[in-house]
Amino acid sequence: MVYRLICGAFAIALFAGVTGKAQPAPKLNNLIIYGDGFAFGVKEPVGWHGDTDKIAAKYRVNVVFLPPEESVKKDVTIRVRINGKQDENTIEDLNYDMQAYKQDFPTAQFSELNLAHAEYKTFARTVFVPGQFYEYVAYLNPGPGKRFIFSVAMSKKNEPATDSELSAYEEVLKSLTWLTSTV
């Protein structure tokens, strides 16, 4: 489920009523995603569209971001999923997944992905097979006492992500906000 924050629209409407001037409606790009025992916030990158319904279900994630219309044919998505955690050793979860990539794609190559969230421990890597796919993967741990971690992934077929695609990925990652475990 998803709710777009409407506080900004209410403030604009209130301000317009006080001043008598019509104000342009802001883009409501802050999403609240919730499910069984969790709620988190995430920002929709400019021009991208978040889906929590059929497309998200296809990818088995909580929210998938699709690129602007003109770049849909590039087959790139940004996906966020909540995963249960067993302990605070999140780097081992990422290492395990990288080993699985190597088993499935013996020619896979890996590189560090220098991204960090301001509040949550972040572990990130790029895995790719040139000419086939590029996968940017990050795990964020909101800390002790939280039963979940965030998985943020961006996939692109055939070629590396562009600077604007990487920027959108980073915006999603850095905007993640853990809200509650009691939904």
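Data block above holds the structure.
Cut-offs used in this document
- Residues numbered from 1 in each chain as written.
- Predicted model: local features only at pLDDT ≥ 70, side-chain atom pairs only at ≥ 80, totals over all residues.
- Heavy atoms only, no water.
- Helix = DSSP H or I, 4+ residues; strand = E, 2+ residues; numbered from the N terminus.
- Buried < 20%, exposed > 50% of the residue type's maximum accessible area, 1.4 Å probe, protein only.
- Contact = heavy atoms within 4.5 Å.
- Salt bridge = Lys/Arg side-chain N within 4 Å of Asp/Glu carboxyl O.
- Expected span 1.5 Å × (residues − 1).
- Arc of directions from axis to C-beta.
- Phe/Tyr/Trp six-rings, centres within 6.5 Å; stacked < 30°, edge-to-face > 60°.

Novice: Please explain the overall build of the protein as it appears in this structure.
Specialist: Regarding its fold elements, the protein presents 4 helices and 11 strands. Sorting the 183 residues of the protein into buried and exposed places 43% on the buried side. In the protein, once contacts between residues fewer than 6 apart in sequence are set aside, the share between residues at least 24 apart is 54%.

Novice: Looking at this model, I keep getting lost on the pattern of salt bridges. Mind explaining?
Specialist: It is possible for side chains bearing opposite charge to pair when their charged atoms get close. What the rule picks out here adds up to 8 salt bridges. Of the charged contacts, one joins Arg125 and Glu112 as a salt bridge, the two residues approaching to 3.2 Å between their closest N and O atoms. Within this pair, whereas Arg125 is found in strand S8 (residues 121–129), its partner Glu112 is found in strand S7 (residues 109–112), the two being separated by 13 residues in sequence. Among the charged side chains, a salt-bridge network with shared partners connects Lys156, Glu159 and Glu165.

Novice: Would you mind going over helix H3 (residues 90–104) with me for this structure?
Specialist: Residues spaced three or four apart along an α-helix face the same direction, because each turn holds 3.6 residues. An ideal rise of 1.5 Å per residue puts 21 Å on 15 residues; H3 measures up with 22 Å between its terminal C-alpha atoms. Looking at H3, one finds that the buried residues are Thr90, Leu94, Met98 and Tyr101. Within H3, the buried residues cover an arc of 80 degrees as seen down the axis, which keeps them to one side. In H3, those exposed residues whose orientation departs by more than 90 degrees from the buried face are Tyr96, Gln99 and Gln103. Elements in contact with the buried residues of H3: S7, S8, strand S9 (133–141) and strand S10 (148–157).

Novice: Can you help me understand unusual backbone geometry in this one?
Specialist: Excluding glycine, a negative phi dihedral is what most residues carry, and trans is how most peptide bonds are arranged. Of note, the phi angle at Arg60 is positive, near 60 degrees, even though the residue is not glycine. Along the polypeptide, Arg60 turns up in the loop between helix H2 (54–59) and strand S5 (63–66). Of note in the backbone geometry, Asn158 takes a positive phi value of approximately 70 degrees without being a glycine. Position of Asn158 relative to the elements: it lies in the loop between S10 and helix H4 (163–175).

Novice: Before we go on, may I ask you to explain the packing of aromatic side chains in this structure?
Specialist: Centre-to-centre distance and the angle between the planes together describe a pair of aromatic rings. Counted under the stated rule, the structure contains 10 aromatic pairs. Here Phe38 and Phe148 contribute two aromatic rings whose centre-to-centre distance is 5.9 Å and whose plane-to-plane angle is 65 degrees, an arrangement assigned as edge-to-face. Of this pair, Phe38 sits in strand S3 (residues 38–43) while Phe148 sits in strand S10, placing them 110 residues apart in sequence. For the pair formed by Phe38 and Phe148, the shared burial category is buried. Cluster of aromatic residues (ring-pair linked, three or more members): Phe38, Phe40, Tyr120, Phe148, Phe150 and Trp178.

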